[in-house]
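# What the coordinates show
Listed here are the chains, written in short residue letters.
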Amino acid sequence: MASKNSRYYVLEDLRPGMVVAKEVLSPTDQVILSEGTELTDKLIAGLRFWEIKMVAIRMSSESLSREKTAQPKGAAQKQFFGEYEAVSEEVAQQFDQIRQTQEVPLPELKAFVQNHLLQMVNAVGVVNHLHMLQQAGGPLFQHAMNVAMICGVIGRWLDLGHKELQELVLAGLLHDIGKVQLPEEYQDMAEPSDPAQAALYRRHTFYGYQLLKKCPGIPENVKFAVFQHHEKMDGSGYPLGLYGPQIHPVARIVSVANLYDRRTAGQDETSRMSPFAVAEMMLEEMFGTLDPATCLVFLNNVRDYFTGNVVELSDGRVAEVVHPGRFMATRPMVRTMDGLFIDLEKERGLRILNFVQA
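Residues numbered from 1 in each chain as written. Predicted model: local features only at pLDDT ≥ 70, side-chain atom pairs only at ≥ 80, totals over all residues. Heavy atoms only, no water.

### So, empty space enclosed by the protein
In total, this model carries three cavities of 30 Å³ or more according to the counting rule given. Of the voids in this model, the second largest cavity is the one considered here, and its volume is about 40 Å³. Of the residues contributing to the lining of the second largest cavity, the split by class is four nonpolar, two polar and four charged. (1 Å grid on protein atoms, 1.4 Å probe; cavity = no way out; pocket = protein on both sides within 12 Å on 5 of 7 lines; lining within 4 Å. Points joined across faces, edges and corners; volume = space filled by probe spheres on them. Nonpolar A, V, L, I, M, F, W, Y, C, P; charged D, E, K, R; others polar.)

### Examining the packing of aromatic side chains
By the definition in use, this model includes 10 aromatic pairs. On the basis of an interplanar angle of 40° and a centroid distance of 5.0 Å, the ring pair of Tyr209 and Phe227 is categorised as tilted. With Tyr209 in helix H10 (residues 204-213) and Phe227 in helix H11 (residues 220-228), this pair connects stretches of sequence that are 18 residues apart. The buried category is assigned to Phe227, whose relative accessible area is 17%. Between Phe276 and Phe306, the aromatic rings sit 4.9 Å apart at their centres with planes inclined by 55°, giving tilted as the arrangement. Residue Phe276 is located in helix H13 (residues 275-285), and its partner Phe306 is located in helix H14 (residues 292-306); the two are separated by 30 residues in the primary sequence. On the basis of relative accessibility, which here comes to 2%, the residue Phe306 falls in the buried class. Of the aromatic side chains, those joined through ring pairs into one cluster are Trp157, Tyr260, Phe298 and Tyr305. (Phe/Tyr/Trp six-rings, centres within 6.5 Å; stacked < 30°, edge-to-face > 60°. Helix = DSSP H or I, 4+ residues; strand = E, 2+ residues; numbered from the N terminus. Buried < 20%, exposed > 50% of the residue type's maximum accessible area, 1.4 Å probe, protein only.)

### As for the layout of surface pockets
Leftover empty space is mapped by rolling, across the atoms, a probe with the size of a water molecule. Space inside the second largest pocket adds up to approximately 540 Å³. Contributing to the lining of the second largest pocket are 22 residues, with Ala190, Glu191, Asn258, Arg262 and Arg263 lying nearest its centre. Broken down by secondary-structure element, the contributors of at least two residues to the lining of the second largest pocket are helix H12 (249-265) and H13. Counting residues per element, the lining of the second largest pocket draws most heavily on H12, at five residues. For the lining of the second largest pocket, a count of residues per class yields seven nonpolar, eight polar and seven charged.

### Overview of the environment of Arg317
Positionally, Arg317 belongs in the loop between strand S5 (310-313) and strand S6 (318-323). Contacts of Arg317, omitting those with residues within four sequence positions, involve Lys22, Val311, Glu312, Thr336, Leu340, Ile342 and Leu350. (Contact = heavy atoms within 4.5 Å.)

### Things to note about H14
Compared with the 21 Å implied by 1.5 Å per residue over 15 residues, the 21 Å span of H14 between its first and last C-alpha is a close match. Along H14, the positions that sit buried rather than exposed are Thr294, Cys295, Val297, Phe298, Leu299, Val302, Arg303, Tyr305 and Phe306. Considering only its buried residues, H14 is in contact with helix H5 (126-133), helix H6 (140-157), H12, H13, S6 and strand S9 (352-357). (Expected span 1.5 Å × (residues − 1).)

### Quick notes on the pattern of salt bridges
Where side chains of opposite charge bring their charged atoms close, a pairing between them can arise. Under the definition given, this model contains 12 salt bridges. Two residues, Arg99 and Asp96, come together in a salt bridge whose shortest N-O distance is 3.3 Å. On the criterion of helical spacing, the pair formed by Arg99 and Asp96 is a turn pair, its members being three residues apart in helix H3 (residues 75-101). For Asp96, a relative accessible area of 32% gives the class partly exposed. (Salt bridge = Lys/Arg side-chain N within 4 Å of Asp/Glu carboxyl O.)

### Quick word on the confidence of the model for the protein chain
Across the protein chain, the average pLDDT comes to 88, with 92% of residues at or above 70. Taken as a whole, residues 64-70 scores under 50 in pLDDT and shows 12 contacts with residues more than four places along the chain or in a different chain. (pLDDT = per-residue confidence, 0-100.)

### Comments concerning the sheet that holds S6
Within the open sheet, the five strands sit side by side as S8-S7-S6-S5-S9. Their pairing is antiparallel. Of all strands in the sheet, those with a lone pairing partner are strand S8 (341-343) and S9, marking the two edges. Strand-to-strand twist of the sheet, defined as the mean angle between neighbouring strand axes without regard to direction, takes the value 40°. Bridge count between S6 and strand S7 (residues 333-336): four bridges; the pairing is antiparallel. In the strand pairing of S7, Ala319 is matched with Thr336. (Pairing = 2+ DSSP bridges. Axes fitted to C-alpha atoms, helices over the stretch in contact; angles between N-to-C directions.)

### Re the nonpolar core
Grouped together as the largest cluster of nonpolar side chains are 77 residues, with contacts concentrated most on Phe80, Leu117, Met149, Leu173, Leu174, Met282 and Phe298. Each residue touching Met149, except ones within four places of it in the same chain, is listed here: Phe80, Tyr84, Leu117, Met120, Val121 and Leu130. (Core = buried A, V, L, I, M, F, W, Y, C linked by side-chain atoms within 4.5 Å.)

### Here we look at unusual backbone geometry
Here the residue pair Tyr238 and Pro239 is connected by a cis peptide bond, since its omega of 15° sits within 30 degrees of zero. As for its position among the elements, Pro239 is in the loop between H11 and H12. Positive phi, normally seen in glycine, also occurs at Glu51, with a value near 60°. Position of Glu51 among the secondary structure elements: in the loop between helix H1 (41-49) and strand S4 (54-58). Here Gln102, not a glycine, exhibits a phi torsion of approximately 60°, which is positive.

So, in structure tokens, the structure goes:
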């Protein structure tokens, strides 16, 4: 297994001077490069001859820090990353304005959803792009933007009309807006384990609803989603402990999108989960805490995004997802770099740790 102080690089990104972190084997298990080998142009050409797709490279702590900023792969991803960065700045400004004025600028937000977020929702590969951009413990506005776009993707899969889709994306964008009224240290965190802190944190659903109630023209769908997105289908959620049909349909969608982004981003690097692990979690919870209809739509469609992605397995091997698997998005068929096909549905001892390239 490659060490924590290493990263996998695709062949096209290898450069002379890089140091191999894990021995590279040929399809016949011959050692092509030993751990600690410094790459040269000639060695990289040899890797190309052997059709080696990825190599683990040693990283300094400074390089690892820089690597946390995702590098785009291909023109479409580069364009999406650029748009995301520009749009993020605008969302940050809007949230800061709401924090200072305690007022929601509805016309500006509706225009923002229409002119930017809905366009990005339609981008090819949007789910993959978002995952590669995620930062552990990222700021509130970034989480809000991610949830908004995931809501939009789910809304497309549900074949919602334009007005319904626009309101769903707006609900995703504003779902945590009540956090602007919490102390600053609570705004970017997940729910604390301390009971007193958790009680304060949970007030954000009420604060958000109160903010929106003061804003003329806010759709009822959005207000319900902001207030209820932490309710659970089995009645174990908050703030009211509602269950099943008592929870607004838009809130149920926002809840799934919120869970997906929170879990795949994580509060820190160690708590990040792969999309496949989150899919397994959804599968377990879809007849308990989560809305089964929304989960079914999500799991049956998101799998299409993952085929062709390069992933790291729990035993350190790198593999390509070649088939989504027989059952939703949880355990696909992969092909390792040495050509071995593995059905993760059968090999239960293996799991996907993270995406290397998407």
